[in-house]
Amino acid sequence: METKNMNGYLLKTVKKPRFILLRDKDIKEMLNKAWTLAWPVVIEQALATLSQVADMAMVGRLGAEAVAAVGLSMHPFFLLNALIMGISVGTTALAARAVGSGDREKAGRVTGQSVIAALLIGFILVILAFVNSFKIMIYMGAEPSVRPLGSNYLRAMMPGMLFLFIFSVAAAGIRGAGDTRTPMTVNAVINIFHIFTNYLFIFGGLGFPRLEVVGAGISSSISRLAGAIWLIYFLSKPNKVLFVNWEKVAGNFDWLLFSKMMKIGIPAALERILISTGQIVYTRLVANLGTEAYAAHSLSLNVESFSYMPGIGFATAATAMVGQYLGAGDIKGAQRSAAISLLMAMAIMGTMGLLFFSFPAAFLKIFTSDSDVIKMGTTLLRIVAFTQIPECIGMVIPGALRGAGDTKVAVYITILGMWIVRIGFTWYFLKALNMGLVGAWIAMFLDWAVRSALYIIRFKGGQWKNIKV
């Protein structure tokens with residue numbers, strides 16, 4: 001029997017969906033577009049991970065206390081970044097909608113205003129963190145010998161945080177416009193530069209002073225300054241995919257447009273704050289297990305970051321594609337693009353899970369030669385292998401919802417998953433059952449399982465299709 005699908009293509013059968021997929025030109029184009037948008041982000045994340053690996057591998061040679069200092073310092077860093085995340089999410093969503101409707105000038109205005117806001121808000125946050133760096137380390141539960149190292153590292157990183165905020169928001173606008181290659185290129189260069197300056201400042205290469213942990217922070221700040229300058233220069237060129245008229249944006253700030261961006265961004269920022277503060281509480285519970293246990297925890301998280309790359313890449317693709325299709329009035333296209341992004345990410349992250357389960361020690365040896373840390377980390381990576389698919393869903397589907405401007409639901413899902421499930425079960429497994437690191441990582445799996453199930457329910461419910469921005 002002959003029938004037509006929703007796009008009008010003639011089909012000979014409806015009993016074999018795999019044949020329909022191959023004959024549907026729209027789906028082929030979406031596969032192409034999803035991959036084109038995602039692979040530069042995957043490479044970008046790979047390079048960022050490589051830089052992080054280099055950081056931890058170099059710092060790891062300084063001892064367990066240095067690893068703990070850097071690891072504990074990263075969670076306040078994530079919290080600060082979460083506050084700017086909301087601006088980035090709103091920028092990507094509105095820029096994608098504007099490009100989808102053919103209004104690139106509006107996309108430029110959105111991005112320019114967001115960069116200015118990130119500069120002003122970021123300056124205040126950085127000053128507060130710099131002044132209170134030692135108190136932050138105490139709150140994080142760092143042991144007395146670790147506190148000065150972590151405090152000095154935080155202070156060295158703070159100037160670079162401001163430039164990272166600018167870079168992140170500028171890159172968010174560019175990605176929303178459909179260009180993921182430019183942020184990738186910039187990140188490639190600055191991460192290579194970062195590894196080189198690590199060598200100079202951590203170990204005193206080429207006659208530079210040996211600054212160890214502080215040197216790692218200085219290296220980060222210098223590389224982030226370079227990245228921010230590069231992207232601002234890119235946005236200032238009229239012939240690029242996204243152009244910002246800085247004089248016009250600064251002189252005629254569009255508060256209505258900014259309020260629309262913040263309507264999307266504030267819930268997204270709150271979600272990231274809830275996640276980051278939840279991770280801080282989670283980390284403090286783990287830190288109470290001792291420096292060696294925390295070193296195993298921190299290095300295992302670094303290994304797991306390898307699998308974040310495709311998840312973040314396809315989440316970014318889903319955000320841009322859903323936003324652009326909705327901007328063009330194509331709801332079916334938005335739905336299909338999200339599904340395709342998810343399936344592609346699941347295939348890659350599922351493979352990473354198999355590798356984590358099969359070869360955990362090989363991954364851990366990238367970071368450390370400590371046999372006790374490797375032994376503890378091996379068990380953790382085998383647990384996280386089963387987390388890959390739920391984690392993938394919990395990354396890509398929220399990305400699609402952000403592209404539609406549906407960011408409020410993530411706040412409630414995060415409260416349930418992170419604060420009730422992860423923290424609640426971590427406390428129970430550690431305090432009541434004395435399960436140690438294994439209990440903490442099982443709780444992390446349960447968190448992702450709950451969040452992924454709720455995001456699937458939300459996406460299938462379809463409320464996101466009717467949101468106006």
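Residues numbered from 1 in each chain as written. Predicted model: local features only at pLDDT ≥ 70, side-chain atom pairs only at ≥ 80, totals over all residues. Heavy atoms only, no water.

## Some remarks on the overall build of the protein chain
Counting secondary structure elements, the protein chain contains 17 helices and two strands. At 22 Å, the protein chain has a C-alpha radius of gyration in line with the 23 Å of a compact globule built from 469 residues. When each of the 469 residues of the protein chain is scored for burial, the buried share is 55%. Across the protein chain, the fraction of contacts at a sequence separation of at least 24, relative to all contacts at a separation of at least 6, is 79%. A total accessible area of about 19600 Å² is found for the protein chain, and carbon and sulfur atoms account for 66% of it. (Helix = DSSP H or I, 4+ residues; strand = E, 2+ residues; numbered from the N terminus. Rg over C-alpha atoms; globule rule 2.2 N^0.38 Å. Buried < 20%, exposed > 50% of the residue type's maximum accessible area, 1.4 Å probe, protein only. Contact = heavy atoms within 4.5 Å. Areas by Shrake-Rupley, 256 points an atom, 1.4 Å probe, with all protein chains shown as cover.)

## What to know about a nonpolar patch on the surface
Judged by side-chain polarity, Phe123, Ile124, Ile127, Leu128, Phe130 and Val131 come together as a nonpolar surface patch covering roughly 590 Å² of accessible area. Summarising the element assignment, valine 131 is placed in helix α4 (residues 104–131). Note on valine 131: relative accessible area 57%, which makes it exposed. (Patch = residues over 30% accessible without salt bridge, like charges linked within 9 Å, V, L, I, M, F, W, Y side chains within 5 Å. Salt bridge = Lys/Arg side-chain N within 4 Å of Asp/Glu carboxyl O.)

## What to know about unusual backbone geometry
The backbone phi angle of leucine 206 is positive, close to 55°, even though this residue is not glycine. Relative to the helices and strands, leucine 206 resides in the loop between α7 (181–203) and α8 (212–235). By relative accessible area, leucine 206 is classed as exposed at 61%. The residue asparagine 434 is not glycine, and still its phi comes out positive at about 55°. With relative accessibility at 67%, the residue asparagine 434 sits in the exposed group.

## A word on the packing of aromatic side chains
In the structure shown here, the tally under the stated rule is 10 aromatic pairs. For the ring pair tryptophan 255 and phenylalanine 258, a centre distance of 5.9 Å and an interplane angle of 90° mean the geometry is edge-to-face. One end of the pair is tryptophan 255 and the other is phenylalanine 258, both in helix α10 (residues 255–287) and three residues apart, which spans about a single turn. Given a relative accessible area of 60%, tryptophan 255 falls into the exposed group. Note on phenylalanine 258: relative accessible area 14%, which makes it buried. Grouping aromatic residues by their ring pairs yields a cluster made of Phe253, Trp255 and Phe258. The ring of phenylalanine 357 has arginine 382 sitting right over it, with the charged end atom 5.5 Å from the ring centre. (Phe/Tyr/Trp six-rings, centres within 6.5 Å; stacked < 30°, edge-to-face > 60°. Lys NZ or Arg CZ within 6 Å of the ring centre and 35° of its normal.)

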